[in-house]
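Observations on chain architecture
Residue strings, one per chain:
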Amino acid sequence: MMDVRIDRRVFLRAIGGVAAGAAATSFTACGDGADRKTKGAGSGKTLVVRDIGGAYGEANRKAVYEPFSKETGIQVSVVNIPLYAQMLAQIREGRPQFDVIDIDMSALARFERDEATQELDYDRLKSTRNAGIAESLLTSHGVGKNYWASVMAFRTDAFGGKTPQSWADFWDTGAFPGRRALQSPDAGPPELEFALLADGADRDRLYPLDVDRAFRALDEIKSAVREFWADGATPGLLLQRGHAVASSVWHGRPNQLIKRGAPIAYQWNGARRQSSGFGIPIGARNVDAAYRFIDFALRPEVQAGFAEAYPMGPVVPAAYKHLPRAAADLASSPEHLYTGFDLDVDWWVENKDAVTKRWQEWARS
């Protein structure tokens, strides 16, 4: 079962003393890896990676792609194919435009189910050995790369000095009045877990989800939910413009708005944690380069460099030794391991279609 969960105690032991203060080691994009000698350096090959582009793609370019190319001589080209169906069609036609898929682990589970990705040879991924990566992220057809989380964000000027502390507060429109926003299924699995937490469900025993109970809880807040957002940028803008006073968000996405003075803050209690990962499609043209790239991206110092460039948590605990400044505000940091929960990938792969159909009917009713 591909139940993507952090073993919290193991992860904290592997981090070591990070919570008390990490070693003040800074990471330069081309770091120590640039000095490593590899027989493939200067080979002139091109590796094609699929990622989502935007700020995420730019962070990959600076922290992963350019250092990898400098070390190996393998150039990295990027494609931003947004749709799962489009990628699957290319693979089934035997002509994928990409050698590596950078995507969330739920999608990698679907690719495995659709027999579209290669079984990974972990003997070729030395960076995964004894690295403390959660076993649930070392799957047969995909390996985790970064943690991210959906959290609650709210306007700091909306509630007369009060601060919502939980999803129960999000649901409490009496104590915390105003418009809400939640994620549309177009952006990912419907947020049934938040409804269950608001209704008093145990955070560590959410799965299998009680779908009927979740929709009863959603009924209670439906009149206050005026927006269902379908992309990561929208909830921050809704909050900034006052179209909502509280919303679920992908942590990190409103950060630029906050830096520019928008009255927005996060609340981490009940965060839904997920992971992105790497897979290799069947029919990839540069499999050797794909393995070298994935192995490079999972080095602790490279993981740390990406986390400094983009607010996603490393899956390699040793990366936190390089992250004294950013460690406190990432989904896998010691401060947040016990405040959230891990999305059950298998449950959602099996149930997403049925739940999404029911959610769409609920939203229209």
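Residues numbered from 1 in each chain as written. Predicted model: local features only at pLDDT ≥ 70, side-chain atom pairs only at ≥ 80, totals over all residues. Heavy atoms only, no water.

As for helix H11 (residues 300-309)
Quick reminder: α-helices carry 3.6 residues per turn. Residues three or four places apart thus point the same way. Counting buried positions along H11 yields seven of 10 residues, so the element is predominantly enclosed. Where H11 is concerned, the buried positions are Glu301, Val302, Gln303, Ala304, Gly305, Phe306 and Ala307. Where H11 is buried, its residues contact helix H2 (54-72), strand E4 (143-155), helix H10 (287-297) and strand E9 (313-314). (Buried < 20%, exposed > 50% of the residue type's maximum accessible area, 1.4 Å probe, protein only. Helix = DSSP H or I, 4+ residues; strand = E, 2+ residues; numbered from the N terminus. Contact = heavy atoms within 4.5 Å.)

A word on the layout of surface pockets
Here the largest pocket is characterised by a volume of approximately 1400 Å³. What lines the largest pocket is a set of 45 residues, among which Asp104, Asp186, Ala187, Gly188 and Trp250 lie closest to the centre. Put simply, the parts of the chain that give the lining of the largest pocket at least two residues each are H2, helix H3 (84-92), strand E3 (100-104), helix H4 (105-113), strand E8 (264-279) and helix H12 (345-364). It is H12 that provides the largest number of residues to the lining of the largest pocket, a total of seven residues. Its residues assigned to classes, the lining of the largest pocket shows 21 nonpolar, 12 polar and 12 charged. (1 Å grid on protein atoms, 1.4 Å probe; cavity = no way out; pocket = protein on both sides within 12 Å on 5 of 7 lines; lining within 4 Å. Points joined across faces, edges and corners; volume = space filled by probe spheres on them. Nonpolar A, V, L, I, M, F, W, Y, C, P; charged D, E, K, R; others polar.)

Points about the packing of aromatic side chains
One pass over the structure, following the stated rule, counts 21 aromatic pairs. Ring centres 6.0 Å apart and planes at 35° place the aromatic pair Phe306 and Tyr310 in the tilted group. The exposure classification of Phe306 matches that of Tyr310, with both residues buried. Ring centres of Trp347 and Trp348 lie 5.0 Å apart, and the angle between their planes is 85°; this geometry places the pair in the edge-to-face category. Across the pair, Trp348 and Trp347 agree in class, each one buried. (Phe/Tyr/Trp six-rings, centres within 6.5 Å; stacked < 30°, edge-to-face > 60°.)

Re the nonpolar core
Leu47, Val64, Phe111, Phe293 and Ile294 are the most contacted members of the largest nonpolar core, which totals 70 residues. Considering each element in turn, this core owes the most residues, seven residues, to H10. Excluding anything up to four places from it in sequence, Val64 contacts Ala59, Phe293, Phe296, Ala297, Val302 and Phe306. Core analysis: the second largest hydrophobic core is formed by 36 residues, Ala195, Ala224, Val245 and Trp362 among them. (Core = buried A, V, L, I, M, F, W, Y, C linked by side-chain atoms within 4.5 Å.)

What about the pairing of E4?
Here E4 lies mainly inside the structure; 13 of its 13 residues are buried. With 11 bridges connecting them, E4 and E8 associate as antiparallel partners. Pairing of Ala153 across the sheet is with Tyr266, part of E8. In this sheet, E9 lies alongside E4 in antiparallel orientation, the contact comprising two bridges. (Pairing = 2+ DSSP bridges.)

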